[in-house]
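# Working through the structure, step by step
Okay, here's what each chain looks like letter by letter:
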Amino acid sequence: CAVAEKSAVKSSGTMLFGVLSGYGAVLADFVWIASYGDWERGNAAGCAANMELALALNPNMKSFWSMASAITAYDMPYWIAREKGVAPQSAEFKRIERIQAKRGVAYLKKALLRFPENRALLIQLAELYEKKLGDLNAAIGCYERAVLTDKTMVFPKRALAELYAKNGNMPKAEAILNGLILRAEKDSPIYKSLVEQLNAIRAKAKR
C-alpha cells in the first residue's frame, strides 16, 4: 500500500544517511581535495561550495576551518575582483575584501564553538580582525583568550603587548613585556629581543 511504500522509502533514506555519516570523514577528505581544483582555477563559488560540504561532512577537522577562513579572506577577494573586472586596491576591491574577511571571521567563530581553547584558531582570528578589518579591540580579545590557554607561551603575549601599544594602552603593553623580560635569561636571544620590542613601542608612543 501507499503508506507502506512511503515508510520503506523513509527507512531506506534514514539507512543511507546513517551509512554516509559513518564515512563522513572519508567523504569530507575527497570533497576537500576537490576544492583544490577550484582553488587552482580561482573559482570562488565552486571552492566555497566544496569547503562548506567538507565541513558539513566532518566539522571536527580543525584544519578545514582554518584553511576555509584563510582562503575566503585572503584569496577569494582577488578571484572575485578578477571575475568582476575590479582593480586591486580600488574602493570596490576594499569593499569585497571586507566582505570576505567577515566571512573568514565567521568560519573561525564557528570553529571556536567546537574548539574554544584552540590557540592557533584564536591567533588566526586575531590577525584577521587586525589586518583585514582594523578591529584592534576584537583582536586584543582574541589574544587575551589565547594567552589564557597557556600562560607560558611567549608569542601570544608579545603580540598582545604590541596591540595594546597600538591601541594606546602603553601601561598594559609595558607590563606584559616587563614581565617577560624579568623571567627571561639575560644571556638568551629572547631577552634582547624583548628589550628591543619594549624600546620600540616606547619610541613609537613618544612620536
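Residues numbered from 1 in each chain as written. Predicted model: local features only at pLDDT ≥ 70, side-chain atom pairs only at ≥ 80, totals over all residues. Heavy atoms only, no water.

### Focus: the overall build of the chain
- A count of helices and strands for the chain gives 10 helices and 0 strands.
- Listing the helices and strands of the chain from first to last along the sequence gives α-α-α-α-α-α-α-α-α-α.
- For the chain, buried positions account for 40% of its 207 residues.
- At a minimum sequence separation of 6, the contacts of the chain that also span at least 24 residues come to 53%.
- Total accessible area computed for the chain in this model is approximately 12200 Å², and 59% of it derives from carbon and sulfur atoms. (Helix = DSSP H or I, 4+ residues; strand = E, 2+ residues; numbered from the N terminus. Buried < 20%, exposed > 50% of the residue type's maximum accessible area, 1.4 Å probe, protein only. Contact = heavy atoms within 4.5 Å. Areas by Shrake-Rupley, 256 points an atom, 1.4 Å probe, with all protein chains shown as cover.)

### A look at unusual backbone geometry
- For glutamine 89, which is not glycine, the phi dihedral falls at a positive 75 degrees.
- As for its placement among the helices and strands, glutamine 89 is situated in the loop between helix H4 (62–84) and helix H5 (91–114).
- Since its relative accessible area comes to 53%, glutamine 89 is described here as exposed.

### What to know about the packing of aromatic side chains
- Counted under the stated rule, the structure contains 3 aromatic pairs.
- Between the aromatic rings of tryptophan 32 and phenylalanine 64, the centroid separation amounts to 4.4 Å while the plane-to-plane angle is 10 degrees, which identifies the pairing as stacked. Placement of the pair is tryptophan 32 in helix H2 (residues 24–41) and phenylalanine 64 in helix H4, with a sequence separation of 32 residues. Residue tryptophan 32 shares its accessibility class with phenylalanine 64, and that shared class is buried. (Phe/Tyr/Trp six-rings, centres within 6.5 Å; stacked < 30°, edge-to-face > 60°.)

### Quick word on the nonpolar core
- Counting 59 residues, the largest nonpolar core has Met76 and Tyr129 as its most contacted members.
- Excluding residues within four positions of it along the chain, methionine 76 makes contact with Ala44, Cys47, Ala48, Met51, Ile71 and Gln100. (Core = buried A, V, L, I, M, F, W, Y, C linked by side-chain atoms within 4.5 Å.)

### A look at the confidence of the model for the chain
- Taken over all residues, the pLDDT of the chain has a mean of 89, while the share at 70 or more is 89%.
- Within the chain, helix H1 (residues 2–22) has the poorest average pLDDT of any element, 41, and H5 the best, 98.
- Taken as a whole, residues 2–20 scores under 50 in pLDDT and shows 1 contact with residues more than four places along the chain or in a different chain. (pLDDT = per-residue confidence, 0-100.)

### Considering the side chain of glutamate 97
- Tracing the backbone shows glutamate 97 in helix H5.
- With sequence-adjacent residues up to four places away left out, glutamate 97 is seen in contact with Pro77 and Lys132.

### Observations regarding H2
- Taking 1.5 Å of rise per residue, 18 residues should cover 26 Å, and H2 covers 26 Å from first to last C-alpha, within 8% of that figure.
- Among the residues of H2, Gly24, Ala28, Val31, Trp32, Ser35, Gly37 and Asp38 are the ones counted as buried.
- Just downstream of H2, glycine 42 is the residue with a positive phi angle, here 70 degrees. (Expected span 1.5 Å × (residues − 1).)

### Quick notes on H4
- In this model H4 runs 32 Å from its N-terminal to its C-terminal C-alpha over 23 residues, within 8% of the 33 Å that 1.5 Å per residue would give.
- Its axis deflected by about 50 degrees at methionine 76, H4 carries its strongest bend there, up to four residues before the proline proline 77.
- Buried residues of H4: Phe64, Trp65, Ala68, Ser69, Ile71, Thr72, Ala73, Met76, Pro77, Trp79, Ile80 and Ala81, and no others.
- Residues of H4 that are buried in the fold lie against H2, helix H3 (44–57), H5 and helix H6 (119–133). (Bend = angle between axes of the 7 residues up to and from the residue.)

### Overview of the side chain of glutamine 124
- Tracing the sequence through the fold places glutamine 124 in helix H6.
- On the basis of relative accessibility, which here comes to 15%, the residue glutamine 124 falls in the buried class.
- Excluding its chain neighbours within four sequence positions, the residues that come into contact with glutamine 124 are Ser66, Ser69, Ala70 and Leu108.

### Comments concerning the packing of helix H8 (residues 155–166) against helix H9 (residues 170–183)
- The contact between H8 and H9 brings their axes to 7 Å, and the two run at 155 degrees. Our classification of the angle between H8 and H9 gives roughly antiparallel. In the packing of H8 onto H9, the handedness of the crossing is left-handed. Contacts between H8 and H9 involve Lys157, Arg158, Leu160, Ala161, Tyr164 and Ala165 from the former and Met170, Lys172, Ala173, Ile176, Leu177, Leu180 and Arg183 from the latter.
- Across the contact of H8 with H9, the residue classes tally to 9 nonpolar, no polar and 4 charged. (Axes fitted to C-alpha atoms, helices over the stretch in contact; angles between N-to-C directions. Parallel < 35°, antiparallel > 145°, perpendicular 65-115°, else oblique. Left-handed = near helix turned anticlockwise from the far one by under 90°. Nonpolar A, V, L, I, M, F, W, Y, C, P; charged D, E, K, R; others polar.)

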